[in-house]
Amino acid sequence: MGMSEGNGMSGKSFSWMSFVPVTIVTVLFISQIAVGVYLLPDVSQIDVLAYVGVGLYVVSGLVFGGLPVFEFRKKGGVKSGESYIHTTQVVDTGIYSIVRHPQYVTFMLWAVAGMLLFQHWIVVLLGVPIFPLTYIDLIKADNDAIKTFGDEYRDYMKRVPRANFLLGILRYLRQRRK
C-alpha cells in the first residue's frame, strides 16, 4: 500500500473529517464487544457459529491485521525507528499481493466475527455500519496513495482488489499458474 494505511497523515493537510469514519468504526466495534460480553451473556447461541466467530477474530487478526506490519517493514522502505505505516514505496508482495488494504479487511471481518459470536440483533445493528464507514476510509486510503505514489499505485490498483480478499486469492493463484 502507500504511505499510510488510510490514517489521513499523508503529509498534506490535516482534517478532522478524515478521522470521523475510523473513529465511529472503532466505537461501534468496541460497543459490539461490550454489549456482547457485558449485556448479553445469557443469550442462547448456536455454538458452532460462536466458535466460527472466535476463529474469525483470531485468524483475521493474525493474517490481515498482523502480516501487513511485517510486510511494510520488509518491503516498504520504512526508515529505522519509524512506524511501519511510513512506507516510501508501494508494497505489492505478501498479503499486499492479495488485497490492497488488509488491515481494513480485519475491521470488517471482526464485525462479522462479533455478529457470529454474540448472535444478537443489537450486535448486528452495531456491526452493519462498520462496512460502509470502512469503505469510506478505503476510498480515502486509495486516494492518498495515488497522491503519494501516482501511476505506480494506479497500476497496483488494477492488479489487486481493494478489500475483496477472495477475489485477490483467486487472482494470486491464477497468476502463479502462469
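Note that the structure is predicted; figures quoted are calculated from it, not measured.

1. Concerning the side chain of Thr 134
Working step 1: Relative to the elements of secondary structure, Thr 134 occurs in helix H5 (residues 130–149).
Working step 2: Residue class for Thr 134 comes out buried when judged on its relative accessible area of 1%.

2. Section: the nonpolar core
Working step 1: Of all hydrophobic cores here, the largest spans 20 residues; its most connected members are Phe 64, Tyr 96, Val 105, Tyr 153 and Tyr 156.
Working step 2: Mapped by element, the contributors of at least two residues to this core are helix H2 (47–75), helix H3 (102–118), H5 and helix H6 (151–159).
Working step 3: When residues in this core are grouped by element, the largest group, 5 residues, is from H5.
Working step 4: Counting 15 residues, the second-largest nonpolar core is a separate cluster that includes Val 25, Phe 29, Ala 113 and Phe 118.

3. Describing unusual backbone geometry
Working step 1: The backbone of Gln 119 sits at a positive phi, close to 50°, despite the residue not being glycine.
Working step 2: Note that Gln 119 resides in the loop between H3 and helix H4 (121–127).

4. Some points on the confidence of the model for the chain
Working step 1: Taken over all residues, the pLDDT of the chain has a mean of 87, while the share at 70 or more is 90%.
Working step 2: Contacts of residues 1–12 to residues separated by more than four positions or lying in other chains number 47 contacts, the stretch itself having pLDDT below 50.

5. Describing the environment of Arg 159
Working step 1: Counting through the fold element by element, Arg 159 comes out in helix H6.
Working step 2: Judged by relative accessible area, Arg 159 falls into the partly exposed class, the value being 36%.
Working step 3: With 12 residues separating them along the chain, Arg 159 and Arg 171 place their C-alpha atoms 8.2 Å apart.
Working step 4: Discounting residues that sit within four places of it in the chain, Arg 159 has contacts with Asp 92 and Arg 171.
Working step 5: Side chain to side chain, Arg 159 and Asp 155 meet in a polar contact 2.6 Å long.

6. A look at the packing of H2 against H3
Working step 1: At a closest axis distance of 8 Å, the pairing of H2 and H3 adopts a crossing angle of 170°. As the angle between them shows, H2 and H3 are arranged roughly antiparallel.
Working step 2: By residue class, the composition of the contact of H2 with H3 is 18 nonpolar, 7 polar and no charged.

7. Re a nonpolar patch on the surface
Working step 1: A surface patch of nonpolar side chains, amounting to about 430 Å² of accessible area, comprises Ile 33, Val 37, Tyr 38 and Leu 39.
Working step 2: Considering the arrangement of structural elements, one finds Tyr 38 in helix H1 (residues 20–39).

8. Quick look at the pattern of salt bridges
Working step 1: Enumeration over the complete set of coordinates arrives at 6 salt bridges.
Working step 2: Ionic pairing is found between Asp 144 and Lys 140, a salt bridge with its closest N-O pair at 2.7 Å. Of the two residues, Asp 144 and Lys 140 are both situated in helix H5; the distance of 4 residues between them amounts to about one turn of the helix.
Working step 3: Salt-bridge contacts for Arg 159 lead to Asp 155; the nearest nitrogen and oxygen are separated by 2.6 Å. On the criterion of helical spacing, the pair formed by Arg 159 and Asp 155 is a turn pair, its members being 4 residues apart in helix H6.
Working step 4: The class of Asp 155 is partly exposed, set by a relative accessible area of 39%.
Working step 5: Through salt bridges with shared partners, one network takes in Asp 92, Asp 155 and Arg 159.

About the thresholds
Residues numbered from 1 in each chain as written. Predicted model: local features only at pLDDT ≥ 70, side-chain atom pairs only at ≥ 80, totals over all residues. Heavy atoms only, no water. Helix = DSSP H or I, 4+ residues; strand = E, 2+ residues; numbered from the N terminus. Buried < 20%, exposed > 50% of the residue type's maximum accessible area, 1.4 Å probe, protein only. Core = buried A, V, L, I, M, F, W, Y, C linked by side-chain atoms within 4.5 Å. pLDDT = per-residue confidence, 0-100. Contact = heavy atoms within 4.5 Å. Polar contact = N/O pair within 3.5 Å; in protein donor to acceptor, adjacent residues only side chain to side chain. Axes fitted to C-alpha atoms, helices over the stretch in contact; angles between N-to-C directions. Parallel < 35°, antiparallel > 145°, perpendicular 65-115°, else oblique. Nonpolar A, V, L, I, M, F, W, Y, C, P; charged D, E, K, R; others polar. Patch = residues over 30% accessible without salt bridge, like charges linked within 9 Å, V, L, I, M, F, W, Y side chains within 5 Å. Areas by Shrake-Rupley, 256 points an atom, 1.4 Å probe, with all protein chains shown as cover. Salt bridge = Lys/Arg side-chain N within 4 Å of Asp/Glu carboxyl O.

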